[in-house]
Each structure stands twice: as structure tokens, then as C-alpha cells.
Amino acid sequence: MSALTSSHLLSVFGFNENDIFVGGAEGTMLHYDGSQWTPMETGGRWTFKDIWGSAPDNVFAVVTDGRILHYDGKAWAPDEDMEKLPPMNGIFGLGSDEIYACSRLGKILRYDGTSWKYTQTGTDTDVTRLWGCKESGMLAVGFDGLVLKQDGEGWTRMTFNSGAEFYGVYGFGPEEVYLVGSEGAILKFDGVNFTEMPSQTMEFILDVWGPSRDMVFAVGDEGMILYLDDNEWTRIESNTKEYLTGIWGSSEDNIYAVGDNGLILRWNGEDWKAVEG
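Residues numbered from 1 in each chain as written. Predicted model: local features only at pLDDT ≥ 70, side-chain atom pairs only at ≥ 80, totals over all residues. Heavy atoms only, no water.

Caption draft 1: Highlighting the overall build of the protein. Of regular secondary structure, the protein possesses zero helices and 28 strands. Expected size for 277 residues packed as a compact globule is a radius of gyration near 19 Å; at 17 Å, the protein falls within 12% of this value. Here the C-alpha coordinates of the protein stretch approximately 45 × 45 × 25 Å along the principal axes. Within the protein, the fraction of its 277 residues that count as buried is 56%. Of the roughly 12,100 Å² of accessible surface on the protein, 43% is carried by carbon and sulfur atoms. One finds the centroid of the 19 positive side-chain charges in the protein at a distance of 5 Å from the centroid of its 44 negative side-chain charges. (Helix = DSSP H or I, 4+ residues; strand = E, 2+ residues; numbered from the N terminus. Rg over C-alpha atoms; globule rule 2.2 N^0.38 Å. Buried < 20%, exposed > 50% of the residue type's maximum accessible area, 1.4 Å probe, protein only. Areas by Shrake-Rupley, 256 points an atom, 1.4 Å probe, with all protein chains shown as cover. Lys, Arg positive; Asp, Glu negative; His and termini not counted. Charge placed at Lys NZ, Arg CZ, Asp CG, Glu CD.)

Here you go:
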């Protein structure tokens, strides 16, 4: 447990090594400015599931209370013009005028720089996470093996043999995308086909991220951190048994993983160590 909070932490996002946001339960939002971590006032006991921003004064976060909050560089506030949404899960953007947020019950919204609008997903299955790139558009993942590909203004379900609950997705371009989820599920998408990758575990994998395609990490239950080495996933020492729920970094030697009971781990290029506030 860090000295910063005892709340469960669920999300991490940043712009560089001196501008990092960590969100969690009970309204917890922490900010790192390069020298110290500071609790931020969020105006409620929100549970922050995911964070994304286009600039330090244009950051969005989704919460399980069915709201999307915005940070303008000074304060966090919910979008009061929006109707209450289902419990929100994920958010990702391609620019300040193209941001997507997903929720339970198969909902995906798009922000055009002015307002949020529902898109047509064709499903009521929970959508958990989003990732995309300019070249190929967006992907959304969820429960029951759900993978949706952006198709114009709507989404098309991609068919392949998996019933996994997907909790994380991250890619390095249209031809290299990783999906992680329940019972050790890791799949690689090459732009055409999904290939299951052995993870050597049946534990739940909750997020995946890397600074480059040569350095990819996945995190999950009971302190699990997996490292992709020559197309094989290997478990590495995390020095914790706390559940790890989110991962993000600014470089190959500055990566953060967050988890239960206020835990923040930092990778310094050699090993993972707890941040002590």
C-alpha cells in the first residue's frame, strides 16, 4: 500500500513522465508532476475505470456511476448535459474531436469535440475497453468473446472462436493488437486473424500495454506481470500479490502499474518497485 491512498486503483494514463493521472475507487484521482503525487478533488465518490486525454487541459475519465468526467487543467467535473449512462468501462481517443467511451449493455459513445452521441453497436453485451489508430479506426472488446470493429458510423462484430471476457486491448498499428482477459486469455490480432497465445496461467489478465512492439507487458490477478519475450509470454517478479488492474508508461524505463489497496508499482528498466508517495 502506498502512503497516498488505501483505495483500489483501476486506471493510469499520462502524457509524459511529469504528467500522470491515476484513478480508482471512492473518488480517488492522483496526479504526478514529476516530483510528487497529489490527490485531486473530483467532486464525488466516483469509481474511475479508465482515463484518456488529448492534452493536459483536456482529460476525460469514465466512472461506474454512469458518468463521463472532464478535466480542463484546473478541475474535474461531470458532463451535466448528458443523461445518466450505464456503468462506464473504457475510453480512448484518436484526437480531441474523436473520442470513444464504452459501457455495460453494449453501449459506445463518440465525442466530436462538442457533444457525446451513441453509436450503433448491434449488441447488448458489456463492452470493456477500446483501442484504435488512424490507419484502421477503432476496436472495442468485451465479454463473451466480443470484439467490435468500427464500420463507418457503427460497429461490426468480428467472429472467431473465443468466449473470453476481455478486459484489455492495446496495439502498435493495424497489424499488431493484443487482447487480454479471463482465464489467462491472450490473443494477437494481425489485422486479419486472431491467434491465441499461451500465457501459462488461468488467472485473469486485466490490462496490456507497452512502449513499443519490442516491449509489451500484461498485468492481472495476484500481482501477475507477464512480459512478451520473443513472441512468448513469461511471468516476471512483481514483488506483490495485490491485483494489478492498469498499466501505462512514458518510456521503456518508466512504466507504472496500479492495483488494489492503493498500490502503484514503477518499472525503472530493471525491476518493479512500489511507489511510496
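Caption draft 2: Structural detail: the sheet that holds strand S13 (residues 127–133). Spatial strand order, S13-S14-S15-S16: four strands in an open sheet with antiparallel pairing. Only two strands of the sheet have a single neighbouring strand rather than two, namely S13 and strand S16 (154–157). The mean inter-strand angle of the sheet, taken between neighbouring strand axes irrespective of direction, is 30°. (Pairing = 2+ DSSP bridges. Axes fitted to C-alpha atoms, helices over the stretch in contact; angles between N-to-C directions.)

Caption draft 3: Looking closely at the packing of aromatic side chains. One pass over the full model with this rule turns up 31 aromatic pairs. Relative to Trp76, the ring of Phe48 has its centre 6.1 Å away and its plane inclined at 55°; by these criteria the two rings are tilted. Residue Phe48 is located in strand S5 (residues 48–55), and its partner Trp76 is located in strand S8 (residues 76–78); the two are separated by 28 residues in the primary sequence. Accessibility classification places Phe48 together with Trp76 in one group, the buried group. Consider the rings of Trp52 and Phe92, whose centres lie 6.3 Å apart with planes at 45°: the pair is tilted. Here Trp52, found in strand S5, pairs with Phe92, found in strand S9 (residues 88–95); they are 40 residues apart in sequence, far enough to count as distant. You can call Phe92 buried: its relative accessible area is 15%. A cation sits over an aromatic face here: Lys107 above Tyr118, 5.8 Å from the ring centre. (Phe/Tyr/Trp six-rings, centres within 6.5 Å; stacked < 30°, edge-to-face > 60°. Lys NZ or Arg CZ within 6 Å of the ring centre and 35° of its normal.)

Caption draft 4: Looking closely at the pattern of salt bridges. Throughout the structure, instances matching the rule amount to five salt bridges. Note that Arg104 is salt-bridged to Asp126, the shortest N-O span being 3.4 Å. Within this pair, whereas Arg104 is found in the loop between strand S10 (98–103) and strand S11 (108–111), its partner Asp126 is found in the loop between strand S12 (116–118) and S13, the two being separated by 22 residues in sequence. Residue classification places Asp126 among the buried positions, given a relative accessible area of 15%. Across the pair Arg213 and Glu176 runs a salt bridge whose closest N-O atoms are separated by 2.8 Å. Here Arg213, found in the loop between strand S21 (205–212) and strand S22 (215–220), pairs with Glu176, found in the loop between strand S17 (166–171) and strand S18 (177–181); they are 37 residues apart in sequence, far enough to count as distant. With relative accessibility at 44%, the residue Arg213 sits in the partly exposed group. (Salt bridge = Lys/Arg side-chain N within 4 Å of Asp/Glu carboxyl O.)

Caption draft 5: Seen up close, the sheet that holds S17. Spatial strand order, S17-S18-S19-S20: four strands in an open sheet with antiparallel pairing. Where the open sheet ends on each side, the last strands, each with one partner, are S17 and strand S20 (194–196). Neighbour-to-neighbour, the strand axes of this sheet turn through a mean angle of 20°, independent of strand direction. Examined bridge by bridge, S18 and strand S19 (residues 186–189) share four bridges and lie antiparallel to one another. The residue bridging Val177 from the neighbouring strand is Phe189, located in S19.

Caption draft 6: Molecular detail of the environment of Gly184. Tracing the backbone through its elements, the reader meets Gly184 in the loop between S18 and S19. Taking relative accessible area as the criterion, Gly184 reaches 6% and is therefore assigned buried. Setting aside residues up to four positions removed in sequence, Gly184 forms contacts with Ser199, Thr201, Met202, Glu203 and Ile205. (Contact = heavy atoms within 4.5 Å.)

Caption draft 7: Quick peek at the environment of Lys74. Secondary-structure assignment places Lys74 in the loop between strand S7 (67–71) and S8. Of the residues examined, Lys74 reaches a relative accessible area of 77% and is grouped as exposed. Placed 17 residues apart in sequence, Lys74 and Asp57 show a C-alpha to C-alpha distance of 7.6 Å.

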